[in-house]
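Structural description and commentary
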Amino acid sequence: MRFGRLAFTQRHERTPEERNLVCRLDIFLMTFGCISQVIKCKSFYAFRTYGSDLIVTVQDLDQQNISNAYVSGMKEDLGLYGNELNYFTTYFSVAYCIMLIPSQIILTYVRPSYWLSGLEICWGVITGLIAIVHNANQVYVLRVFLGLCESSAWPGMMTLFMHWYTPSELAKRMGFYHSCQALGSMMSGALQVAIINTLHEASGIAGWRWLFIINAVMTVTVGILGFFLLPDLPNSVNPRAFWFKKGHAQLAMERLERHGRAEPKKMTWAGAKRTFANWVTYFIPILYVSTVLASWGYAYFNLFLKSLKNPDGTPTWTTSQVNALPIAGGAINVVFVWIWAILSDLLQTRWTLIVAQAVIGLIPCIAMSTWTSHPDSTPLATAYASYFISYITLGTAPLIMAWVSDLLPQDPEARTLIVGVAIASYYAISAWSQVLVWPAVQAPYYKYGWQSSIALWVLVIIMTCLLRYIDFKYLLPKREDFRATLIVGSSPSSPKQADIEPDPEDDSPKSPKPSTGVAQAQ
């Protein structure tokens, strides 16, 4: 990366029509994605019990609905006196993981405005049905279907972003969408307390059941809007997208060509075999899983707070404070996800910022390894600072997904599958690994947790640098060969070579070439 290659100095000069297209995509495509994300935040979650209190280590609106309902009457109404809450999580996660890759494949055959919106509506209806359950077995069944429906949300939106946004626009949008997980967590607690306090026993319905009714109404409304807000694909535009102007489709295709991107296509057996024979399909998921698991120590901040005692043996923090203090960490998370994403597009690099986050991530891991081994001789402030610093390193996912788009612009089938494989791999591994590495009985003095994070961050640094080298040495020439075949315009009589913008990660010096021009939308 050379700082002389800033996005605003190198990018193609947008026409007013192109700026209008990007603005409309931000207003409508991003609105659907972000509202959906806030409502049901497709982040991994985990529930842990500590003492007699339920602690939510990573909250989202749907999952916090379950936990809030559990402690607000659901436990007594349904007779949940065993490990039912853990099973609610397990059934959801297994179904989610199973449906991820099939959902990505279906997305190439069914219009996104049908598939994503339809599943959003189904998700809302199923959430509403939880309000009328009478036993745990009914909840188990509904949680399975919720997992199947939700599996399309995060990877599906990331795939759409890859089709519509250019390299200098992509990471920012992915980052903003990704940050809505934390925004949803920060907003959900206050919303649910208000619902329980104001609607409990309204119309004879318990407050915990109202949580799911309100959530269902919100989700179904967003799903219906999706039929009109989602633009589908540049080469197959949603006819119901009232905001999409005539000529924008051609302009969107020209943007793909200008940046060396192939147009979206349906998944084929040949494409699937080519993808699974490609080492990138396995390298990216390992890198992605490593970055997420390496930063996972932040998720147990509330267990750390819960464990602290005053000299007289009373808790240092109340239960409300234990759940409230991590909100500050969530705010740090949101801000730095935006910062990393904006810098990525501005500086036209992904790998350097992934390495930067890994280096920062090593600091709290090393500090916490010292504190957990020698808590009496290490200041308690070290632990507080380490947990908050950990939130800075939660911006790797948008950068990795944007990097996938940069690495394989000529293969939309591979990009679609790799996103699904990466997320499915994370769910499959985290389902069992976190219990072994971060057992609640060891909190907050984890025996191997922080040490394993150190190893993972080092692995992330090595893999990122290795991928950068392989990309520059072997993948970049293939992208350049593909770009040379692109033409602008569909007329066979007078095709023009695309005025290709520089590769975001190409640092090699280039001789200036005369511009051939880019066809404008009519």
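Residues numbered from 1 in each chain as written. Predicted model: local features only at pLDDT ≥ 70, side-chain atom pairs only at ≥ 80, totals over all residues. Heavy atoms only, no water.

**Re the overall build of the chain**
- Each helix and strand in the chain was counted, giving 20 helices and 6 strands.
- Taken across its 522 residues, the chain has 58% of its residues classed as buried.
- Considering only contacts within the chain whose residues lie at least 6 apart along the sequence, 77% involve residues at least 24 apart.
- As presented, the chain carries roughly 20700 Å² of accessible surface, and 67% of it is formed by carbon and sulfur atoms. (Helix = DSSP H or I, 4+ residues; strand = E, 2+ residues; numbered from the N terminus. Buried < 20%, exposed > 50% of the residue type's maximum accessible area, 1.4 Å probe, protein only. Contact = heavy atoms within 4.5 Å. Areas by Shrake-Rupley, 256 points an atom, 1.4 Å probe, with all protein chains shown as cover.)

**Concerning the packing of helix α16 (residues 351-373) against helix α18 (residues 396-407)**
- Following both chains from N to C, one finds α16 and α18 inclined at 155°, their axes separated by 9 Å at the closest point. On the basis of the axis angle, α16 is roughly antiparallel to α18. Handedness of the crossing formed by α16 with α18: left-handed. Contacts between α16 and α18 pair W351, L353, I354 and Q357 from the former with T396, L399, I400 and W403 from the latter.
- Each residue belonging to the contact of α16 with α18 can be placed in one class, and the counts come to 6 nonpolar, 2 polar and no charged. (Axes fitted to C-alpha atoms, helices over the stretch in contact; angles between N-to-C directions. Parallel < 35°, antiparallel > 145°, perpendicular 65-115°, else oblique. Left-handed = near helix turned anticlockwise from the far one by under 90°. Nonpolar A, V, L, I, M, F, W, Y, C, P; charged D, E, K, R; others polar.)

**Some points on the packing of aromatic side chains**
- Counting across every chain of the model gives 29 aromatic pairs.
- Note on Y96 and Y427: the rings are 4.4 Å apart at their centroids and 25° apart in plane angle, and the pair reads as stacked. Of this pair, Y96 sits in helix α4 (residues 84-106) while Y427 sits in helix α19 (residues 412-437), and the two are 331 residues apart along the sequence.
- Look at Y427 and you get buried, because its relative accessible area is 4%.
- For the pair W164 and F244, a centre-to-centre distance of 5.6 Å together with 70° between the ring planes defines the contact as edge-to-face. Here W164 is found in helix α7 (residues 153-164), whereas its partner F244 is found in the loop between β4 (236-237) and α10 (248-258), with 80 residues between them in sequence. In this pair, the class of W164 matches that of F244, namely buried.
- Among the aromatic residues, those joined into a ring-pair cluster are Y300, F301, F304, W371, Y384, Y387, F388, W438, Y445, Y446 and W450. (Phe/Tyr/Trp six-rings, centres within 6.5 Å; stacked < 30°, edge-to-face > 60°.)

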